[in-house]
Amino acid sequence: MPEFLQQLPALIGVIVGALGSYVAIMRGDRVRFQREQAARWEERRLTVYTEYARVLKQTVTLTYRVSAHHGNDPHPHPLSPADAEPHLAEAASARDPAGEALLMLGTPEVVATARVWVLTVVAMERFMREGTRDPEAWQRLLARQRATREEYYAAVRRDLALPPGHSGRWQVPAAGDGSLR
């Protein structure tokens, strides 16, 4: 028995060391799992945010083209409302599931800015569908759409901890001028 008592501290040390190693490994695995899970969700949110922007931008581009047909926009490829209608319907159909995914995975800030952006795009669609001929009003809508798009992208960047990005505003050269201003 005295030999056992002499070896008891060593045995207790081995047991404590084994338990400590087990706890450290389990804690490390849990931290790694949480980090990997967060990265997966971040990738999914980026995909959802990108898809939402892509389908919304389809509608925006179509409104530019139809508005050019009405004389409101300088887009180089005008499109008649009749020719645009199937494309607009397709863009609207794609927007619904993209919006649902955004609601499911997006942060409240991103969803709120997306809502403001889409309402602006809907106003552009209404302007275009009414056949309004008012280039100044159209330019105000365009400016509002660009600002709301920029707010959406800024919210996405904040959510994903990305650095600030480009505003997406480029100066278009005047007709016959090859230089960018």
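Residues numbered from 1 in each chain as written. Predicted model: local features only at pLDDT ≥ 70, side-chain atom pairs only at ≥ 80, totals over all residues. Heavy atoms only, no water.

Novice: What's the story with unusual backbone geometry in this structure? I'm lost.
Specialist: The bulk of non-glycine residues show a negative phi, and the bulk of peptide bonds are trans. Residue Ala 161 is not a glycine yet carries a positive backbone phi of 55°. Inspection of the secondary structure puts Ala 161 in the segment after helix H4 (135–159). (Helix = DSSP H or I, 4+ residues; strand = E, 2+ residues; numbered from the N terminus.)

Novice: Just to check I follow, could you spell out the nonpolar core for this structure?
Specialist: If you look at the biggest cluster of nonpolar residues, it comprises 27 residues, and the most contacted ones within it are Tyr 49, Tyr 52, Leu 102, Val 110, Met 124, Trp 138 and Tyr 152. Here the element with the most residues in this core is helix H3 (residues 108–129); it accounts for nine residues. Those residues in contact with Tyr 49, other than ones at most four positions away along the chain, are Leu 102, Leu 105, Gly 106, Thr 107, Val 110, Tyr 152, Val 156, Asp 159 and Leu 160. Leu 62, Val 66, Leu 79 and Leu 88 belong to the second-largest nonpolar core, a separate cluster that totals seven residues. (Core = buried A, V, L, I, M, F, W, Y, C linked by side-chain atoms within 4.5 Å. Buried < 20%, exposed > 50% of the residue type's maximum accessible area, 1.4 Å probe, protein only. Contact = heavy atoms within 4.5 Å.)

Novice: When you look at H3 in this model, what are you seeing that I'm missing?
Specialist: The end-to-end C-alpha distance of H3 is 31 Å, a good match for the 32 Å that 22 residues give at a rise of 1.5 Å each. Gly 131, located one to two residues past H3, shows a positive phi value of around 70°. (Expected span 1.5 Å × (residues − 1).)

Novice: Sorry if this is basic, but what is going on with the layout of surface pockets here?
Specialist: Each pocket or cavity is described by its volume, and for the second largest pocket that value is around 170 Å³. Counting residues per element, the ones that place at least two in the lining of the second largest pocket are helix H2 (81–105) and H3. Per-element tally for the lining of the second largest pocket: the top contributor is H2, with six residues. Classifying every residue of the lining of the second largest pocket by side-chain character gives six nonpolar, one polar and four charged. (1 Å grid on protein atoms, 1.4 Å probe; cavity = no way out; pocket = protein on both sides within 12 Å on 5 of 7 lines; lining within 4 Å. Points joined across faces, edges and corners; volume = space filled by probe spheres on them. Nonpolar A, V, L, I, M, F, W, Y, C, P; charged D, E, K, R; others polar.)

Novice: Mind showing me how you'd approach the packing of aromatic side chains here?
Specialist: Aromatic ring pairs: the centre-centre distance and the angle between the two ring planes describe each pair. If you walk through the whole model with that rule in mind, you get six aromatic pairs. Considering the side-chain rings of Phe 127 and Trp 138, the 5.5 Å spacing of their centres and the 35° angle between planes classify their relative orientation as tilted. With Phe 127 in helix H3 and Trp 138 in helix H4, this residue pair connects regions lying eleven residues apart in the sequence. When its relative accessible area of 10% is taken as the criterion, Phe 127 is described as buried. (Phe/Tyr/Trp six-rings, centres within 6.5 Å; stacked < 30°, edge-to-face > 60°.)

Novice: Please explain a nonpolar patch on the surface as it appears in this structure.
Specialist: Together, Leu 11, Ile 15 and Leu 19 make up an exposed nonpolar region whose accessible area comes to about 280 Å². Within the secondary structure, Leu 19 is located in helix H1 (residues 2–69). (Patch = residues over 30% accessible without salt bridge, like charges linked within 9 Å, V, L, I, M, F, W, Y side chains within 5 Å. Areas by Shrake-Rupley, 256 points an atom, 1.4 Å probe, with all protein chains shown as cover. Salt bridge = Lys/Arg side-chain N within 4 Å of Asp/Glu carboxyl O.)

Novice: What should I look at first to understand the pattern of salt bridges in this one?
Specialist: Should their charged atoms come close, side chains of opposite charge can pair. By the definition in use, this model includes six salt bridges. Arg 95 is the partner of Glu 125 in a salt bridge, and the nearest nitrogen-oxygen pair spans 3.5 Å. Here Glu 125 is found in helix H3, whereas its partner Arg 95 is found in helix H2, with 30 residues between them in sequence. When salt bridges with common partners are traced through the structure, they connect Glu 85, Arg 95, Glu 125 and Arg 129 into a single cluster.

Novice: Would you explain the packing of H3 against H4 in this entry?
Specialist: Each pair of packed helices can be described by the angle between their axes along with the distance between the axes. Their axes nearest at 9 Å, the elements H3 and H4 cross at an angle of 160°. If you check the angle between H3 and H4, you find them roughly antiparallel. Every pair of crossing elements has a handedness; the one defined by H3 and H4 is left-handed. The residue inventory of the contact of H3 with H4, partitioned by class, reads 16 nonpolar, four polar and six charged. (Axes fitted to C-alpha atoms, helices over the stretch in contact; angles between N-to-C directions. Parallel < 35°, antiparallel > 145°, perpendicular 65-115°, else oblique. Left-handed = near helix turned anticlockwise from the far one by under 90°.)

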